[in-house]
Amino acid sequence: PLCFGQFLYYSGRASWDAVKSALSWQRENHQRLGELARGWRLLTEDQVRVVRRARRPRERFGDTALRLGYLKAHDCNTLVAAQRASHRRVGQYFVELGALSAGELCVLVQRQREHNRRVECK
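Starting afresh in each chain, residues are numbered from 1 along the sequence in its written order. Only residues with pLDDT of 70 or above have their local features reported here, since the model is predicted, and side-chain atom pairs are shown and tallied only from 80 upward, although totals for entire chains, interfaces and linings are computed over all residues. Side-chain measures were taken over the full set of non-hydrogen atoms in the model, leaving aside hydrogen atoms and water.

A. Representation of the nonpolar core within the structure. Counting 14 residues, the largest nonpolar core has Phe4, Leu8, Phe94, Leu100 and Leu108 as its most contacted members. Segments assigned H or I by DSSP are reported as helices when at least four residues long, segments assigned E as strands when at least two residues long, and all are numbered from the N terminus. Every element with two or more residues in this core is listed here: helix H1 (4–10), helix H2 (16–28), helix H7 (90–97) and helix H8 (102–121). Every residue pair with non-hydrogen atoms within 4.5 Å of one another is taken to be in contact. For Leu8, the contacting residues outside a window of four places in its chain are Arg13, Ala14, Phe94, Leu100 and Leu108. What we call a nonpolar core is a set of buried Ala, Val, Leu, Ile, Met, Phe, Trp, Tyr and Cys residues that are connected through their side-chain atoms within 4.5 Å. The rule is simple: take the accessible area with a 1.4 Å probe, protein chains only, and divide by the maximum for that residue type; under 20% is buried, over 50% is exposed, in between is partly exposed. Listed in part, the ten residues of the second largest apolar core include Ala37, Leu43, Val51 and Leu71.

The structure is reproduced here in structure tokens:
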């Protein structure tokens, strides 16, 4: 199975540098959970700092905030859902850049899904 950026590269639709740029763009446009919680006034700036410092290796921000008692499970789940809803997909980068049309993107996403289904069945 291939992630969409990998699919674009291996299908010859994007260079590896373009895929890396798309991934950087995606990361830069990603809403951090702590900032989202602060914006919703569920956490203060000081609490966000404490959670960041208290994180264990590979522990997610929300899990640390739960462990410390700063967030309830419902709040954390709501924040994660909002974060996912605002997530910008790699394909959107290529559409905004003008390298793909929205129609081409839809076709390529479908081809990627078909590819991934085929390789998972083997």
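B. Inspection of helix H5 (residues 61–68) at higher detail. Buried within H5 we find Phe61, Gly62, Thr64 and Ala65. Each buried residue of H5 sits inside an arc of 160° when the element is viewed along its axis, so together they form one side. Once H5 ends, the next one or two residues include Gly69, with phi positive near 85°. Each C-beta atom gives one direction from the helix axis, and the arc is the one those directions make.

C. Just the packing of aromatic side chains, in detail. Only Phe, Tyr and Trp rings are paired, with Trp represented by its six-membered ring, and only when their centres lie within 6.5 Å; those with planes under 30 degrees apart are stacked, over 60 edge-to-face, the remainder tilted. As enumerated under the stated definition, the model contains four aromatic pairs in all. Judged by centre distance (5.1 Å) and plane angle (70°), the rings of Tyr9 and Tyr10 are edge-to-face. A relative accessible area of 35% means that Tyr9 is categorised as partly exposed. On the basis of an interplanar angle of 90° and a centroid distance of 5.2 Å, the ring pair of Tyr93 and Phe94 is categorised as edge-to-face. Across the pair, Phe94 and Tyr93 agree in class, each one buried. Each residue in the set Tyr9, Tyr10 and Trp16 is aromatic and connected to the rest through ring pairs, giving one cluster.

D. Spotlight on the packing of helix H4 (residues 45–54) against H5. In the contact formed by H4 and H5, the axes pass within 9 Å of each other and the chain directions differ by 105°. With respect to H5, the element H4 is oriented roughly perpendicular. Residue-level contacts link Val48, Val50, Val51, Arg52 and Ala54 of H4 to Phe61, Thr64, Ala65, Arg67 and Leu68 of H5. Tallied by class, the residues present in the contact of H4 with H5 amount to seven nonpolar, one polar and two charged. Axes here mean lines fitted to C-alpha atoms, for a helix over just the part in contact, with angles spanning 0 to 180 degrees between N-to-C directions. Angle categories: roughly parallel below 35 degrees, roughly antiparallel above 145, roughly perpendicular from 65 to 115, and oblique for all the rest. Classification used: nonpolar for Ala, Val, Leu, Ile, Met, Phe, Trp, Tyr, Cys and Pro, charged for Asp, Glu, Lys and Arg, polar for all others including Gly.

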